[in-house]
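What follows is the residue order along each chain.
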Amino acid sequence: MPRATSERFSRAHQPPIKAKSANSSNAGASGSANNPIFNTERFGQHILKNPLVAQGIVDKANLRPTDKVLEVGPGTGNLTVRILEKAKHVTAVEADPRMAAELTKRVQGKPEQRKLEIMIGDFVKAELPYFDVCISNTPYQISSPLVFRLLSHRPLFRVAILMFQREFAMRLVAQPGTNLWSRLSANVQLYAKVDHIMKVGKNNFRPPPQVESSVVRIVPLDPPPPVKFEEFDGMNRIVFSRRNKIVHANFLAKGVIEMLEQNYRTWCAEKDQIVEDELDMKAKVEQILESTGYSEERAAKMGIDELLKLLSAFHDAGVHFA
C-alpha cells in the first residue's frame, strides 16, 4: 500500500501571546475554548474533556502491560495519562509544539515521564516506531490519510481505536447496498475488520465541533490479502465515480478508456508482449465486463468479493489501473 500524504503542518511557533492574568494562563492548561494559547482550530483538533469517555476509549483497547502504544493528536494529554497507566510505552505524535509542551509538563517528574516519547510534527510524514496499539482523537483533516498510513504500516499492529467525525466513521463500517457504502468503505475493509464501538456527542469536546463523533475499532487482517492497494483503489476510483450508475457506464466515462489503453501498452512493453495491431480498448473493456457479469451492476451494491473478481478479470487480460 502507498504511504498516504497530507498537507504538511508548519512547526513554526505563533507570536507569543501575553496572558492577561495568572488565571487566563492557567486556563490554557485546562484547554479553555476562548484561550488562544492552543490554536486547536488551526490543527483541526478538539480536546476531549469528558473523563468517562476518555477512559472508555482506553478500555476498548484492552491494553496489556507489554504494549507499545502510538497516540495521534494527544492534545493536552487527557487520553495519554490513562494510556500510560496501562501500557509499557507511549509514542505521542502532536502537530502543535505548544500542546506537546503542555503534555510534557503534565507528566514531568512523574514515573510516567520515562514511558512517554513525544514526536512533534505531521503524523502522516513521520517515521513511525513499532507499536502494538494505536489510539487517536483524530484531527478531522487527516482522517483518511491516517487510516491508510496505519494499514500500510509494517509490522502490523494488533488493534486501533480511533475517533472520527460521525459520518466518516459510518462510511468506514458501511456495508454494500447502504447509502454510505463507498470507495473508502471498500478500500479499508479489504485490509481490515472495522467495527463501530461508541458514539461521542459534540459537547464532550472543547471547543465543541460542528458535528458528532464516533469511535471505531480497526483490526488489520493478518496476513493481509495479496492485492496491491494501488490497483484495487485505481479500479474503485472508476467504479465508484458514480456509485449509482451501472459499472459499464463508469468505464465509458471521459478519459477512462484512454488511461486503460496507456496502462495496457505499458504492461505489454514490460512483459515483452506485442500489442494488437487493431487494439480496440473500448471493446476489450466491454468484453471483460460482460465476462464477469458485472457490466450492469452498480457500485453501491458490489461487495469486496465482487470487486476482487472484477479486478482479477482485468488483470487476467493485462489491463491494470496503476
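Note that the structure is predicted; figures quoted are calculated from it, not measured.

Looking at the overall build of the protein chain
Okay, so step 1: When helices and strands are tallied, the protein chain shows 12 helices and nine strands.
Okay, so step 2: Nonlocal contacts in the protein chain, meaning residues at least 24 apart in sequence, comprise 70% of its contacts between residues at least 6 apart.
Okay, so step 3: In the form shown here, the protein chain has an accessible surface area of approximately 15900 Å², with 49% of it arising from carbon and sulfur atoms.

Quick look at the side chain of E94
Okay, so step 1: Note on placement: E94 falls in strand β3 (residues 89-94).
Okay, so step 2: R98 provides the closest opposite charge to the buried, salt-bridge-free E94, at an N-O distance of 8.6 Å.
Okay, so step 3: Here the side chain of E94 touches D96 through a polar contact of 2.9 Å, landing on its backbone nitrogen.

Description of the pairing of strand β9 (residues 213-220)
Okay, so step 1: For β9, a buried count of six out of eight residues is recorded, marking the element as mostly surrounded by other parts of the structure.
Okay, so step 2: Pairing geometry for strand β7 (residues 192-200) and β9, over eight bridges, is antiparallel. Pairing of A192 across the sheet is with P220, part of β9.

Description of unusual backbone geometry
Okay, so step 1: R154 connects to P155 through a cis peptide bond whose omega is 0°.
Okay, so step 2: A positive phi is found at N62, a non-glycine position, where the angle reads about 50°.
Okay, so step 3: Mapping N62 onto the fold places it in the loop between α2 (51-60) and β2 (68-72).

A word on the environment of A317
Okay, so step 1: Assignment of secondary structure puts A317 in the segment after α12 (304-316).
Okay, so step 2: Each C-alpha atom of the pair A317 and I288 lies 7.8 Å from the other, and the pair is 29 residues apart in sequence.

Focus: the sheet that holds β7
Okay, so step 1: The strand order β4-β3-β2-β5-β6-β9-β7 describes an open sheet built from seven strands, whose pairing is mixed. Because the sheet does not close on itself, it has two edges, and the strands there are β4 (116-120) and β7. Going from strand to strand, the sheet's axes swing by 20° on average, the running direction of each strand aside.
Okay, so step 2: Across four bridges, β2 lies against strand β5 (residues 133-137) in parallel orientation. When the bridges of β5 are listed, L70 appears paired with C134.
Okay, so step 3: This element, α2, spans β5, β6 (159-165), β7 and β9 of the sheet and lies at about 160° to β7.
Okay, so step 4: Strand contacts of helix α4 (residues 97-107): β3 and β4, with the helix running at about 170° to β4, the strand carrying the most contacts.

A short note on the UniProt feature "binding site: S-adenosyl-L-methionine" (unreviewed entry) in the protein chain
Okay, so step 1: UniProt records the feature "binding site: S-adenosyl-L-methionine" (unreviewed entry) for H46, L48, G73, E94, D122 and N137 in the present numbering.
Okay, so step 2: Following the sequence through the fold, H46 ends up in the loop between α1 (22-30) and β1 (47-48).
Okay, so step 3: The contacts of H46, once residues within four sequence positions are left out, are N137, Y140, F205, R206, P207, P208 and P209.
Okay, so step 4: Examined against the element boundaries, G73 turns out to sit in the loop between β2 and α3 (80-86).
Okay, so step 5: We classify G73 as buried; its relative accessible area is 10%.

Points about helix α5 (residues 143-152)
Owing to its 3.6 residues per turn, the α-helix brings residues three or four apart onto one side.
Okay, so step 1: Burial analysis of α5 places nine of its 10 residues in the buried class, which makes it a mostly covered element.
Okay, so step 2: Within α5, the full set of buried residues consists of S143, P145, L146, V147, F148, R149, L150, L151 and S152.

Cut-offs and rules
- Each chain carries its own residue numbering, running from 1 in the written order of its sequence.
- At least 70 in pLDDT is required for a residue's local features to be given in this predicted model, at least 80 for side-chain atom pairs to be given and counted, and no such filter applies to totals for whole chains, interfaces and linings, which use all residues.
- Excluding hydrogens and water, the side-chain values take into account all heavy atoms of the structure.
- Helix and strand definitions follow DSSP, with helices as H or I runs of at least four residues and strands as E runs of at least two, each counted in order from the N terminus.
- Here, two residues are considered to be in contact whenever any of their heavy atoms come within 4.5 Å of each other.
- Computed with the Shrake-Rupley method and a 1.4 Å probe, the accessible areas treat only the protein chains shown as cover for residues.
- The classification of residues rests on relative accessible area computed with a 1.4 Å probe and restricted to protein chains. Under 20% of the type maximum is buried, over 50% is exposed, and intermediate values are partly exposed.
- We score Asp and Glu as negative and Lys and Arg as positive, and we do not count His or the chain ends.
- Salt bridge, as applied in this entry: a Lys or Arg side-chain nitrogen positioned within 4 Å of an Asp or Glu carboxyl oxygen.
- In protein, a polar contact requires one atom able to donate a hydrogen and another able to accept it; more generally it is a pair of N or O atoms within 3.5 Å, and residues adjacent in sequence count only if both atoms are side-chain atoms.
- Here, any two strands with at least 2 DSSP bridges between them count as paired.
- Angular values range over 0 to 180 degrees, each being the angle between N-to-C directions of two axes fitted as lines to C-alpha atoms, with helices fitted over their stretch in contact.
- UniProt positions are given in the numbering used here, feature names are shortened, and annotations may be inferred rather than shown by experiment.

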